[in-house]
Amino acid sequence: MDRSLLDFPSGPLDVYRKKASFNWKEMIEFLEGKDILEFKRNVFSALENDLVFARQPGEDVSVEKQRELTFLRCKQLFKHNFLAADEIMQNPFKATALNDCLGMYDWSVSAKYFLNTQMFGGTVGNSGSKRHEQFVQDIDQMKAFGCFALTEMSHGSNTRAMRTTAKYDPNTQEFTINSPDFEAAKFWVGNLGKTATHAVVYAQLYTPDGLCHGLHSFIVQVRDPKTLLPMPGVMVGDMGKKLGQNGLDNGFAVFYNVRIPRENLLNKTGDVTPEGHYVTPFKDPNKRFGASLGALSGGRVSITRMGVINLKLAITIAIRYSATRRQFGPKDNEEIPVLEYQMQQWRLIPYLAAVLALDHFSKTLFVNFVEFQIGLMMKDKSERQSELGREIHAISCASKPLGSWTAQRGIQECREACGGHGYLAMNRLGDIRNDNDPNCTYEGDNNVLLQQTSNYLLSWMNAKHQDNVTVESPLGSVNFLEDFNSILGSTFTVTREEECMDSSVPLAAYKWLVCFLLRESYQKLNQEKASGKPDFEARNNSQVYYCRSLAITFIEHTVLQRFHDYTHDSDTPASLQPVLKRLSGLYGLWTLSTHMDVLYQGGYLSGKQPAEMIQNSILRLCSQLKDDAVALVDVIAPPDFILNSPIGKADGEIYKNLWTAVLQGSKVLERPSWWKEFCDNKPTLGSLRAKL
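Definitions and cut-offs
Position numbers for residues start from 1 in each chain and track the written sequence from start to end. Selection of residues for local features in this predicted model requires a pLDDT of at least 70, selection of side-chain atom pairs for listing and counting requires 80 or more, and totals for whole chains, interfaces and linings are taken over all residues. Computation of side-chain values covers all heavy atoms of the structure but excludes hydrogens and water. Aromatic rings from Phe, Tyr and Trp, taking only the six-membered ring of Trp, are treated as a pair when their centres fall within 6.5 Å; an angle between ring planes under 30 degrees marks them as stacked, one over 60 as edge-to-face, and anything in between as tilted. Secondary structure elements follow DSSP: runs of H or I of four or more residues count as helices, runs of E of two or more count as strands, with numbering from the N terminus. Only protein chains enter the area calculation, which uses a 1.4 Å probe; residues under 20% of their type maximum are buried, those over 50% are exposed, and those in between are partly exposed. In what follows, a contact means two residues having at least one pair of non-hydrogen atoms within 4.5 Å. Whenever two N or O atoms come within 3.5 Å, that pair is a polar contact, provided that in protein one can donate a hydrogen and the other can accept it, and provided that, for residues adjacent in sequence, both atoms are side-chain atoms. Here, strands pair whenever DSSP counts at least two bridges between them. With axes taken as lines fitted to C-alpha atoms, and helix axes fitted only over the stretch in contact, angles between N-to-C directions fall between 0 and 180 degrees. What a helix should span is 1.5 Å times the count of its residues minus one. For patch detection, residues must exceed 30% relative accessible area and be free of salt bridges, and they are connected within 9 Å for like charges or within 5 Å for nonpolar side chains (Val, Leu, Ile, Met, Phe, Trp, Tyr). In this description, accessible areas are obtained by the Shrake-Rupley approach with a 1.4 Å probe, and a residue is regarded as covered only by the protein chains that are shown. A carboxyl oxygen of Asp or Glu within 4 Å of a side-chain nitrogen of Lys or Arg is what we treat as a salt bridge.

Student: Can you help me understand the packing of aromatic side chains in this one?
Tutor: Ring pairs (aromatic) are described by centroid distance and by the angle formed between their planes. Tallied over the full model, the rule gives 17 aromatic pairs. The interplanar angle of 75° and the centroid separation of 5.6 Å between the aromatic rings of Phe93 and Phe366 together place this pair among those described as edge-to-face. With Phe93 in helix α6 (residues 93-105) and Phe366 in helix α11 (residues 342-377), the pair connects residues that are 273 residues apart, well separated along the chain. According to the relative accessible area criterion, Phe93 is buried, its value standing at 13%.

Student: Even after reading the chapter, I still don't get helix α2 (residues 24-32), so can you show me in this structure?
Tutor: Two residues of an α-helix separated by three or four positions point the same way, owing to the 3.6 residues in each turn. For α2, the buried fraction is high: seven of the nine residues fall into the buried class. Every buried residue belonging to α2 is among Trp24, Lys25, Met27, Ile28, Glu29, Leu31 and Glu32, and all of these are buried. Close packing links the buried residues of α2 with α3 (34-48), α11, α19 (543-567), α20 (577-592) and α23 (629-636). With a side-chain oxygen lying 2.8 Å from the backbone nitrogen of Lys25, the N-terminal cap of α2 falls on Asn23. Gly33 lies just past α2 and shows a positive phi near 85°.

Student: What should I look at first to understand the sheet that holds strand β7 (residues 234-238) in this one?
Tutor: Backbone hydrogen bonds are what pair the strands of a sheet, in a parallel or an antiparallel way. The strand order across the open sheet built from three strands is β4-β8-β7, with neighbouring strands paired in antiparallel fashion. Strands with a single pairing partner mark the edges of an open sheet, and in this sheet they are β4 (186-190) and β7. The sheet shows a mean angle of 25° between the axes of neighbouring strands, taken without regard to direction. Alignment of β4 against strand β8 (residues 250-255), held across three bridges, turns out to be antiparallel. Directly across from Val189, in β8, lies its bridge partner Gly251.

Student: Is there a simple way to explain helix α4 (residues 63-80) in this structure?
Tutor: Compared with the 26 Å implied by 1.5 Å per residue over 18 residues, the 26 Å span of α4 between its first and last C-alpha is a close match. As for α4, its buried residues are in contact with α3, α6, α7 (107-127) and β7. Residue Asn81 follows α4 closely and has a positive phi angle near 45°.

Student: Help me understand a nonpolar patch on the surface in this model?
Tutor: A cluster of nonpolar residues, Leu424, Trp659, Val662, Leu663, Val668 and Leu669, forms a patch on the protein surface that exposes about 590 Å² of accessible area. Here Val662 shows up in helix α25 (residues 654-663).

And the structure:
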């Protein structure tokens, strides 16, 4: 066990910490691993001891000042250089761990840093060739500061319909980048508002023969690095205040026939010869298009993780507050912690289970994605590599919605569970909620993305019906569909609550759910087509209650399957298995309970007993996990400086910490600057009322 882990300060939370059924230090070492644990501790410590990162809870800072502070902190990260390239090669998950740490501090800082180094630098490195190495070196030395310009004002999810053009001129060996009108302006581009000097711009590539070869990426300089003034022909600006993450300068750009060298085309998926001939290693344009947008799959994997991190912050604040806040009790002179109330347990503890289930899932999905990326680097052309790409695409297109929506609902529940104090900005729940919100829409609107997952599942159904293929995928996420018919013939047979509380029970129900919704969606789609509707309309009419529900149940099953296997694995320490199994059982039953209508509709459940058993099992598991809740958030919580919430501090002194924070606020004891407006010139009642 890691001896360097310090005990928490003594205080009101001691009561629950002493009740825990497991050792929190053993748990954190098991979940994180010593290497990552030490890395995160070093990052957190460095941020806390660096005055550039100093802040106060709930401080009121203008948007302009937020932008300045975020840039200064991003600049400071270059000096810290927490993660060198060789360290990433040794342990790729450290990149995710660094994003976790920076995001817990402030997502604006994390986004600004990684949009430059990963999205811009990574895209140039992965989509370009040797001729682009200088751009990557310029990023490391901050001679260039980059952004990723894909989205346009009038197009987001429909990337094929982007209207920015890049026309090649063989006479000058240059591309002309042009925005046909303001609706084609690059929009919502992080870093572009005030600071980016270069952009990876996605545009429709035209060769001199007038042929359009589809969307390609180009490096375009948008500002002079010495002055930050726009380059000739570039109209670039800031979009203004957002609902959250206002330290990040999202911006727009309009290009007026901007000329760039031919070599600025990122040419991994397609190139243009000096004479103007288009060449590509891909025979299928669809495969080339998919490869050119490969960065977005990694983005969805990351956003899944970001939702988990946001929920970790919120649930830490809410559980610690609930374990300390006392209201009412069985006797007039005795108040009890609100965590003792069944309602508070039911509201919060399932989200604690969810965050641990999704935490494990997001880590394993990252490992899967790294495996796929290694295959690309090794130029693996095997069928397995191709299938792995399809499967990861399908999983990530559903995991981003699940991660961001679970966090969205969970953060709001945490905010309300903290009562009025949860509404106070300094306690951070509002900022966490607002900073999480864009996860639901950027890099693919959640509801649109889910269609990619359902299409993947329906393709297996078609292959089974038409060619009688064996349903088997590299990661095994669809393998159970091989038993499609026998699963559909099963029903809920559990008779005891103790049995129901194991995650194997909701896992079996989820397998049935996916098979049932896959059959229903397949039949619905065929019915729509049989009635004469074209393919587009048939698919459009098959989303609500069918394909959308199919995709959601599939990803919930995938998350639960991985968490179930993890918690029931013989390598999981015996001292930790009981609490982890309870968390797995609770997560499975709690998510399953949202699909009760379909379970009854399809005949998997019948009568009132199954529903009562599932509900009672959820409540029993919440009660059993209540005494472990504080120790569990101790495992996932960052240090107090990073959490930055007076009511979420590790000492549990919610009132002392809140009172101190309030009194330290700016001008809290001063009269307002407009005090004379109150004291002088009293209004005459009705003086402005119309006299008719």
